[in-house]
Amino acid sequence: MIVRQPIGWFPIFAALTSIVWASGPDLEAARKLYNLTDFSQSLQTLQSIPQKDAAVYELMGRDYYMLAEYKKATEVLEKAVTANPGSSECALWLGRAYGRRAETSNPISAAGQASKARQFLEKAVQLDPKNLDALADLFDYYLEAPGFLGGGFDKAQATAAEIASISHAEGYAAQAKLAEHHKQFSAAEEQLHRAIEAAPQQIGKLIELAKLLAKQGRFQESDLTVARAEKIAPDSPRLLYATADLYIKSGRHLDTARALLERYLVSQLTPDDPPRSDAEKLLRKARGA
């Protein structure tokens, strides 16, 4: 599952205002550290707060998640959900953490973790039907998970329609994934072009189009699409990483890929960007290590 910038914050902020003030300046300091991707220091700051509330537990859970300590993430996010059962964001992050546990667990326990992931993602959408991040994660789950774990193409289609009712661009992007799932590459490409037209400044849609073109061996068109994204956001860490990954997977421009990853590793990252550890692994691969 891809980690996205949450939206629809107004009702959540309204509900959590008193909690934030109750937690005091340590929580705000921990948030700043989190946003700077200093997850260990953020966690240490939160652990020192004597009276922990839902906001503290939620941010602790995010820190553990970003540090790939998924079991600890679910443990503290369970406390966040218990303390604030009406929070869509708490349920979303708990669903994400269970999803990561499913990906990293043995086959015997993975099914149970995956089911919990689905349940909490569905809960997040139920609590806030306009939470696009929750809808997008639930859409991905339905599209990829087998039926016995609650997945299904029909469910994914229905969720895509919900996404489209909130954002035309995201709705087109979801339709592209549905088409690609059935190897309907022309239809997927058409939907991505519509998504780009609806949100021309969002480089994520251009990245997805470049990936789709490269999968079909249309490398020149893929490179031109990357160039379009570079004109919009030339210093975007997300674009640096995605372009390097694209080149390495296709076995092309490896010198450029290495240079892009080296730039990425010294960039100012956000929690929405791939972790530096992933970039380091990719760089070792590009170097043939």
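Undergrad: Talk me through unusual backbone geometry; I want residue IDs and the actual numbers.
TA: Phi angles above zero are rare outside glycine, and Lys183 is one such case at about 60 degrees. Residue position: Lys183 is located in the loop between α10 (168-181) and α11 (185-198). Even without being a glycine, His253 presents a positive backbone phi close to 50 degrees. Locating His253 in the fold gives a position in the loop between α14 (237-250) and α15 (254-265). A relative accessible area of 38% means that His253 is categorised as partly exposed.

Undergrad: So, the environment of Glu230: which residues are in play, and what are the values?
TA: Its location among the elements puts Glu230 in helix α13 (residues 219-232). For the pair Glu230 and Leu206, spaced 24 residues apart in sequence, the C-alpha to C-alpha distance is 9.8 Å.

Undergrad: Give me the lowdown on empty space enclosed by the protein, citing residues and values where you can.
TA: Under the criterion given, the structure shown has 1 cavity of 30 Å³ or more. Volume-wise, the largest cavity comes out at about 50 Å³. Lining the largest cavity we find Leu206, Ile207, Ala210, Lys211, Thr225, Val226, Ala229, Leu239, Ala242, Thr243 and Leu246. Taken together, the residues that form the lining of the largest cavity break down as 8 nonpolar, 2 polar and 1 charged.

Undergrad: Give a description of the pattern of salt bridges that names residues and reports values.
TA: Following the criterion strictly, the structure yields 20 salt bridges and no others. Two residues, Arg62 and Glu89, come together in a salt bridge whose shortest N-O distance is 3.8 Å. Separated by 27 residues along the polypeptide, Arg62 in helix α4 (residues 54-66) and Glu89 in helix α6 (residues 88-104) bring together distant segments of the chain. Comparing Arg62 with Glu89, the two get one shared label, buried.

Undergrad: Can you tell me about α15, naming the residues and giving the values?
TA: A rise of 1.5 Å per residue sets the reference length of α15, with its 12 residues, at 16 Å; its end C-alpha atoms lie 17 Å apart and thus fit the reference within 8%. Among all positions of α15, only Ala257, Leu260, Leu261 and Tyr264 are buried. Angular distribution of buried residues about the axis of α15 spans 100 degrees; they occupy a single face of the element. Along its buried surface, α15 packs onto α14 and α16 (276-286).

Undergrad: Could you give me a rundown of the packing of aromatic side chains, with the residues and numbers involved?
TA: What the rule picks out here adds up to 6 aromatic pairs. Where Tyr98 meets Phe120, the ring centres are 6.0 Å apart and the plane angle is 10 degrees; that geometry is what we call stacked. With Tyr98 in helix α6 and Phe120 in helix α7 (residues 107-127), the pair connects residues that are 22 residues apart, well separated along the chain. Residue Phe120 is classed as buried on the basis of its relative accessible area of 18%. Taken together, the ring pairs connect Tyr65, Tyr70 and Trp93 into an aromatic cluster. If you follow Arg96 out to its NZ or CZ, it ends over the ring of Trp93, 4.7 Å from the centre.

The rules behind these values
Starting from 1, residues in each chain are numbered consecutively following that chain's sequence as written. Local features in a predicted model are, by the rule used here, given only for residues with pLDDT of at least 70; side-chain atom pairs are given and counted only at 80 or more, and totals for whole chains, interfaces and linings are based on all residues. The side-chain values count all of the structure's non-hydrogen atoms but skip hydrogen atoms and water molecules. Counting from the N terminus, the helices are the DSSP runs of H or I reaching at least four residues and the strands are the DSSP runs of E reaching at least two. To sort residues, take the accessible area from a 1.4 Å probe on protein chains only and compare it with the maximum for the residue type: under 20% means buried, over 50% means exposed, and anything in between is partly exposed. Every definition here rests on a 1 Å grid over the protein atoms only: cavities are sets of points where a 1.4 Å probe fits but cannot get out, pockets are open sets enclosed by protein on both sides within 12 Å along at least five of seven lines, and lining residues have some atom within 4 Å of a point. Grid points are joined across faces, edges and corners, and a volume is the space filled by probe spheres set on the points. Side-chain classes are defined by residue name, with Ala, Val, Leu, Ile, Met, Phe, Trp, Tyr, Cys and Pro counting as nonpolar, Asp, Glu, Lys and Arg as charged, and the others, Gly among them, as polar. For this analysis, a salt bridge means a side-chain nitrogen from Lys or Arg found within 4 Å of a carboxyl oxygen belonging to Asp or Glu. In a helix, the anticipated span is given by 1.5 Å times the number of residues less one. Relevant arc is that of directions from the helix axis to the C-beta atoms, nothing else. Note on definitions: a residue-residue contact is assigned when non-hydrogen atoms from the two residues lie within 4.5 Å. Each Phe, Tyr or Trp ring, with Trp reduced to its six-membered ring, pairs with another whose centre is within 6.5 Å; inter-plane angles below 30 degrees give stacked pairs, above 60 give edge-to-face pairs, and intermediate values give tilted ones. Two conditions define a charge located above a ring, namely a distance within 6 Å from the ring centre to NZ of Lys or CZ of Arg, and an angle within 35 degrees of the ring normal.

Purely geometric stuff here, so don't read any function into it on its own.
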